[in-house]
Amino acid sequence: MKEEKIILLENHRRSLTTTLMIVEQLLIEIEDLMTDQYKSCCFEIKNDIHNDIKDQNLKVIEEARKQICNLAEKYNTDKRFQSLQRIVDVKKTKIWEILCDAKTKKQKGFGKFPQELVKEFDKDIDDLMSITVKINY
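All values reported here derive from a predicted model rather than from experimental measurement. (Residues numbered from 1 in each chain as written. Predicted model: local features only at pLDDT ≥ 70, side-chain atom pairs only at ≥ 80, totals over all residues. Heavy atoms only, no water.)

Novice: Help me understand the layout of surface pockets in this model?
Specialist: Left-over empty space is what a probe sized like a water molecule reveals as it rolls over the atoms. Estimated volume of the largest pocket: approximately 450 Å³. In terms of lining, the largest pocket is formed by 16 residues, of which the most central are Leu20, Met21, Glu24, Lys79 and Arg80. Elements with a minimum of two residues in the lining of the largest pocket: α1 (10-35) and α2 (51-74). At seven residues, α1 tops the list of elements feeding residues into the lining of the largest pocket. Residues that form the lining of the largest pocket fall into these classes: eight nonpolar, four polar and four charged. (1 Å grid on protein atoms, 1.4 Å probe; cavity = no way out; pocket = protein on both sides within 12 Å on 5 of 7 lines; lining within 4 Å. Points joined across faces, edges and corners; volume = space filled by probe spheres on them. Helix = DSSP H or I, 4+ residues; strand = E, 2+ residues; numbered from the N terminus. Nonpolar A, V, L, I, M, F, W, Y, C, P; charged D, E, K, R; others polar.)

Structure below.
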């Protein structure tokens, strides 16, 4: 039996839509962390959750996803469409900002940067920036 749709005020519907989207995205991230192996140089995810618990968590995530879908239908939330190009562009921009903030001129709050390393350090950051800018969409 289908539930009756509830019509919320626009502001409440928009708020619920955003809430459900954020929760759903966080669930996707948890699911990805439990199912994918990451290759990383700067951090390692310690796989300290037993496979039985991972399987249980994946079932809970699926249950939560179904509930999100039920709530979205029940309260007639808006479905937002996101462009993969836009997502990649936003992430590239964020990478650029972070790397710009890593340059020696922005390091003053951490003390004087060794002058003999400035040129090499900034070049290394610039090299990483020039690599990441190659990500296309």
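Novice: Before we go on, may I ask you to explain a nonpolar patch on the surface in this structure?
Specialist: The grouping of Leu33, Tyr38, Phe43 and Ile45 at the surface amounts to a nonpolar patch, some 410 Å² of accessible area in total. Among the secondary structure elements, Tyr38 is positioned in the loop between α1 and α2. (Patch = residues over 30% accessible without salt bridge, like charges linked within 9 Å, V, L, I, M, F, W, Y side chains within 5 Å. Areas by Shrake-Rupley, 256 points an atom, 1.4 Å probe, with all protein chains shown as cover. Salt bridge = Lys/Arg side-chain N within 4 Å of Asp/Glu carboxyl O.)

Novice: What exactly am I supposed to notice about the packing of aromatic side chains here?
Specialist: The description of two aromatic rings rests on the distance between their centres and on the angle between their planes. One pass over the full model with this rule turns up one aromatic pair. Here Phe113 and Phe121 contribute two aromatic rings whose centre-to-centre distance is 4.8 Å and whose plane-to-plane angle is 55°, an arrangement assigned as tilted. A relative accessible area of 28% means that Phe121 is categorised as partly exposed. (Phe/Tyr/Trp six-rings, centres within 6.5 Å; stacked < 30°, edge-to-face > 60°. Buried < 20%, exposed > 50% of the residue type's maximum accessible area, 1.4 Å probe, protein only.)

Novice: Even after reading the chapter, I still don't get helix α3 (residues 84-102), so can you show me in this structure?
Specialist: Residues spaced three or four apart along an α-helix face the same direction, because each turn holds 3.6 residues. Over its 19 residues, α3 runs 27 Å from end to end, which matches the ideal 27 Å to within 8%, given 1.5 Å per residue. Of the positions making up α3, those classed as buried are Lys92, Leu99 and Ala102. The buried residues of α3 occupy one face: seen down the axis, they fall within an arc of 80°. Contacts from the buried residues of α3 go to α4 (115-132). Of the residues flanking the start of α3, the one acting as N-cap is Ser83, its side-chain oxygen 3.2 Å from the backbone nitrogen of Gln85. (Expected span 1.5 Å × (residues − 1). Arc of directions from axis to C-beta. Contact = heavy atoms within 4.5 Å. Polar contact = N/O pair within 3.5 Å; in protein donor to acceptor, adjacent residues only side chain to side chain.)

Novice: Just checking my understanding: could you explain the environment of Lys66 for this structure?
Specialist: Mapped onto the fold, Lys66 is located in helix α2. As a C-alpha pair, Lys66 and Cys42 span 24 residues in sequence and 35 Å in three-dimensional space.

Novice: Whenever I open this one, the state of the cysteines confuses me. Can you help?
Specialist: Defined simply, a disulfide is a covalent bond joining two cysteines at their sulfur atoms. With the rule as written, the count across this model stands at zero disulfides. We note that Cys41 lacks a disulfide partner, and the nearest cysteine sulfur, in Cys42, lies 5.9 Å from it. (Disulfide = S-S within 2.5 Å.)

Novice: Would you mind going over the packing of α3 against α4 with me for this structure?
Specialist: Packed helix pairs are specified by the crossing angle of their axes together with the interaxial distance, meaning the distance between the axes. Orientation of α3 relative to α4, taken along the N-to-C sense of each, is 175°, at an axis distance of 10 Å. Taken together, the axes of α3 and α4 lie roughly antiparallel to each other. The residues of α4 that touch α3, namely those facing Lys92, Ile95, Trp96, Leu99, Cys100 and Ala102, are Phe121, Ile125, Leu128, Met129 and Thr132. Here the residues of the contact of α3 with α4 are counted per class, giving nine nonpolar, one polar and one charged. (Axes fitted to C-alpha atoms, helices over the stretch in contact; angles between N-to-C directions. Parallel < 35°, antiparallel > 145°, perpendicular 65-115°, else oblique.)

Everything listed here is a matter of coordinates, which is why it stays silent on function.
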